[in-house]
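Chains, contacts and geometry: an overview
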Amino acid sequence: MPVIKNQTYIDEPINKCFDLARNVAIHTQTTVKTNERAVAGVTTGLLNLGDSVTWEATHFGVRQRLTAKITEMVIPLKFTDVMIKGAFHSFTHTHEFIEFNSGTVMKDTFEYKAPFAILGRLADKLFLERYMRSFIISRANELKKIAEMDR
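First, a word on what this report is: a plain description of the structure on this page.

Let's talk about the sheet that holds strand 6 (residues 90-100)
Read from one edge to the other, the open sheet built from seven strands follows the order 1-7-6-5-4-3-2, with strand pairing classed as antiparallel. Two strands in the sheet have a free side with no partner beyond their single neighbour: strand 1 (3-10) and strand 2 (37-41). In this sheet, neighbouring strand axes are inclined to one another by 25 degrees on average, regardless of whether the strands run parallel or antiparallel. Relative to strand 3 (residues 52-59), strand 2 runs antiparallel, the two being bridged by four bridges. Residue pairing in the sheet places G41 in a bridge with V53 of strand 3.

So, helix 1 (residues 14-21)
All of the buried residues in helix 1 are I14, C17, F18, L20 and A21. Along helix 1, the residues classed as buried sweep out an arc of 165 degrees about the axis, all on the same side.

What to know about the side chain of R139
Turning to its location among the elements, R139 is positioned in helix 3 (residues 117-147). Although R139 is buried, it makes no salt bridge; D108 carries the closest opposite charge, 5.8 Å away. Leave out the neighbours within four places in its chain, and R139 touches H27, T30, T31 and H93.

A closer look at the pairing of strand 1
Looking along a regular strand, one sees the side chains alternate between the two faces of the sheet. Only one face of strand 1 is covered, namely the face carrying I4, N6, T8 and I10; the face carrying V3, K5, Q7 and Y9 is uncovered. Pairing analysis gives eight bridges linking strand 1 to strand 7 (residues 103-113), with the strands arranged antiparallel. Bridge pairing links K5 to T109 in strand 7.

Comments concerning the pairing of strand 7
Counting buried residues in strand 7 gives eight out of 11 residues, a clear majority hidden from the surface. The pairing of strand 6 with strand 7 spans 11 bridges and is antiparallel. Within strand 7, the residue paired with E96 across the bridge is K107.

Side note on the nonpolar core
I10, F79, F97, M106 and L143 are the most contacted members of the largest nonpolar core, which has 21 residues in total. Broken down by secondary-structure element, the contributors of at least two residues to this core are helix 1, helix 2 (24-29), strand 3, strand 4 (62-74) and helix 3. Broken down by element, the residue count for this core peaks at five residues, all from helix 1.

Cut-offs used in this document
Residues numbered from 1 in each chain as written. Predicted model: local features only at pLDDT ≥ 70, side-chain atom pairs only at ≥ 80, totals over all residues. Heavy atoms only, no water. Pairing = 2+ DSSP bridges. Helix = DSSP H or I, 4+ residues; strand = E, 2+ residues; numbered from the N terminus. Axes fitted to C-alpha atoms, helices over the stretch in contact; angles between N-to-C directions. Buried < 20%, exposed > 50% of the residue type's maximum accessible area, 1.4 Å probe, protein only. Arc of directions from axis to C-beta. Lys, Arg positive; Asp, Glu negative; His and termini not counted. Salt bridge = Lys/Arg side-chain N within 4 Å of Asp/Glu carboxyl O. Contact = heavy atoms within 4.5 Å. Core = buried A, V, L, I, M, F, W, Y, C linked by side-chain atoms within 4.5 Å.

This is the structure:
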């Protein structure tokens, strides 16, 4: 299973970063390139333990839906969402927050398995892992911009 890791320093307090990362409206702002929006489950406000949300987005020119559930939450240090329905065979996305100096280090760990067995592994090598890495980094950078906007 590929594992994508990313760390982003945000010059804001840990509680603010944690809440922004689980805010449905902020999520849509950080995924403008894919036109992501919440269409079922929790569609507004903050995601909490046990919540599910279905996202609709366009990836590779194809409109698709993905449902994820928050399976772990330790406020304000960590939360994990797991795909329960969607294009991947499976994925787990862990979001961790660590106080550092006057701000926060936000760590993303995205573990996934592509669909379609051998074809999925080939797609992974050719483009999928690179695409997902870019997507995770882009979202983190957009969240950082939003968090630090008032500075």
